[in-house]
Amino acid sequence: MAEYIRVAEEESEEPMEIPSEDDGTVLLSTVTAQFPGACGLRYRNPDNQCMRGVRLVEGILHAPDNGWGNLVYVVNYPKDNKRKMDEIDASSAVKVKRAVQKTSDLIVLGLPWKTTEQDLKDYFSTFGEVIMVQVKRDTKTGNSKGFGFVRFTEYETQVKAMSQRHMIDGRWCDCKLPNSKQNADEPLRSRKVFVGRCTEDMSTDELRQFFAQFGDVTDVFIPKPFRAFAFVTFADDQVAQSLCGEDLIIKGVSVHISNAEPKHLNARQQIDRGRYSVNTGGFGNQGGTCQSQMSGGIILQMGTHLPVEMYFLKKTSMALFKNEQGILISPRSGKGRWQ
């Protein structure tokens, strides 16, 4: 006849009764049904107070010599499983910490012209409580500029909203932190990382599942044809930056993580984007740097000299400097001509 034995995760916890089989044994599957990950049972010997293990044979737990009795049997877990549980607890603690962080205004890009603030609030309210929405409009015409702002009450809701794209009024929109939230003295930090040394048997789902242990993953991209690398994008830029420089093991292969953004742009790209930076000996070898966002020319501050202009000739890909006397000078030849 089947009987019930008392089982608990720890001796100090309240036990749970689980049934035995007709022959007095207990199936390990019966234990794992109530305690996932369990691999055995142990109990404290009443005679010497030492812990004893219950005999396990082919998934069947056999009662001690004196039967199961009224003892409380403690669940055994594999060490790896216990380590994973500790990691889960640590991850939960991080999530709790994030939940108390302050929320920020998020910019919503790509809004349809017809979207109103009420439409925006109705949509984002499905994620959580919204405390502010705004659709930016032209001051003269009153027409939408195609973007807006939203702010949530909970930080966890904010992270969730940033981790995916949004279909608003029939159009895909992006929701992220505005660039202005970044410290002006720091470069913009990317949420995307470069994963090098990948192998062809790594799929996007496998990479997504692996990197999800570090934070919310919004996108995984593996180029086709295969080129031995991939890109992974996180919802939180802090997670992405914390992984840069690390070597991680995926499917037995060591992969290297680095920043996905280019470290520098060439001179032509910087000029096209409206900025330029160069170190030069200047006039009289006094040195100097150039930085500007002018169109048509770039202002250079050369040592103690007055500002001069630099021109980029698109046809010849040559940069010329105009000094204070109005002479265009080639950096290589030092020769110039009047303008």
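Described below are features of the structure shown in this document. (Residues numbered from 1 in each chain as written. Predicted model: local features only at pLDDT ≥ 70, side-chain atom pairs only at ≥ 80, totals over all residues. Heavy atoms only, no water.)

### Some words on the sheet that holds strand β1 (residues 4-8)
1) Next: With mixed pairing, the five strands of this open sheet are ordered in space as β2-β1-β8-β4-β5. Only two strands of the sheet have a single partner each, and these edge strands are β2 (16-19) and β5 (51-53). Shown here is a sheet whose adjacent strand axes are inclined to one another by a mean of 45°, direction ignored.
2) Next: In the sheet, strand β4 (residues 40-44) pairs with β5 via three bridges, with the strands oriented antiparallel. Looking across to β5, one finds that Arg44 is bridged to Met51. (Pairing = 2+ DSSP bridges. Helix = DSSP H or I, 4+ residues; strand = E, 2+ residues; numbered from the N terminus. Axes fitted to C-alpha atoms, helices over the stretch in contact; angles between N-to-C directions.)

### Quick look at the sheet that holds strand β3 (residues 26-27)
1) Next: One open sheet holds the three strands; their spatial order is β3-β7-β6, and the pairing between them is antiparallel. The sheet is open, and its two edges are formed by β3 and β6 (56-57), each paired on a single side.
2) Next: Pairing of β6 with strand β7 (residues 60-61) involves two bridges; the strand directions are antiparallel. Each residue of the ladder has a partner; that of Val57, found in β7, is Ile60.

### A short note on the packing of aromatic side chains
1) Next: Taken as a whole, this structure holds 15 aromatic pairs when the rule is applied.
2) Next: Measuring from ring centre to ring centre gives 5.1 Å for Phe210 and Phe211, while their planes differ by 90°; the resulting arrangement is edge-to-face.
3) Next: The exposure class assigned to Phe210 is buried, which follows from its relative accessible area of 17%.
4) Next: Summarising the aromatic geometry, the rings of Phe229 and Phe231 are spaced 5.6 Å apart at their centres and angled 80° between planes, so their arrangement reads as edge-to-face.
5) Next: Aromatic rings pair up to connect Tyr123, Phe124, Phe127 and Phe152 into one cluster.
6) Next: Taking NZ or CZ as reference, Lys192 lies 5.7 Å from the ring centre of Phe231, over its face. (Phe/Tyr/Trp six-rings, centres within 6.5 Å; stacked < 30°, edge-to-face > 60°. Buried < 20%, exposed > 50% of the residue type's maximum accessible area, 1.4 Å probe, protein only. Lys NZ or Arg CZ within 6 Å of the ring centre and 35° of its normal.)

### So, the nonpolar core
1) Next: Ranked by size, the top nonpolar core spans 20 residues in total, and within it Val195, Leu207, Phe211, Val232, Phe234 and Ile257 carry the most contacts.
2) Next: Contributing elements (two or more residues each) for this core: β14 (192-196), α5 (204-211), β15 (217-221), β16 (229-234), α6 (237-243), β17 (247-250) and β18 (253-259).
3) Next: Not counting chain neighbours up to four residues away, the residues in contact with Ile257 comprise Val193, Phe194, Val195, Phe211, Leu243, Cys244, Gly245, Glu246 and Leu248.
4) Next: If you look at the next biggest cluster of nonpolar residues, it comprises 16 residues, including Phe124, Val135, Phe152 and Cys175. (Core = buried A, V, L, I, M, F, W, Y, C linked by side-chain atoms within 4.5 Å. Contact = heavy atoms within 4.5 Å.)

### Thoughts on the environment of Cys39
1) Next: With respect to the secondary-structure elements, Cys39 resides in the loop between α1 (28-34) and β4.
2) Next: Judged by relative accessible area, which is 35%, Cys39 ranks as partly exposed.
3) Next: A C-alpha to C-alpha distance of 9.1 Å links Cys39 and Leu56, two positions 17 residues apart in sequence.
4) Next: Those residues within four positions of Cys39 in sequence are excluded, and the remaining contacts are Leu28, Leu56, Asn76, Tyr77 and Pro78.

### Observations regarding the pattern of salt bridges
1) Next: Going through the model one piece at a time under the given rule, you end up with six salt bridges.
2) Next: Among the ionic pairs, Arg44 bridges to Glu11, the shortest N-O distance being 2.7 Å. With Arg44 in strand β4 and Glu11 in the loop between β1 and β2, this pair connects stretches of sequence that are 33 residues apart.
3) Next: The residue Lys251 makes a salt bridge to Glu206 at a minimum N-O spacing of 3.3 Å. Of this pair, Lys251 sits in the loop between β17 and β18 while Glu206 sits in helix α5; the two residues are 45 residues apart in sequence, bridging distant segments of the chain.
4) Next: For Glu206, a relative accessible area of 31% gives the class partly exposed. (Salt bridge = Lys/Arg side-chain N within 4 Å of Asp/Glu carboxyl O.)

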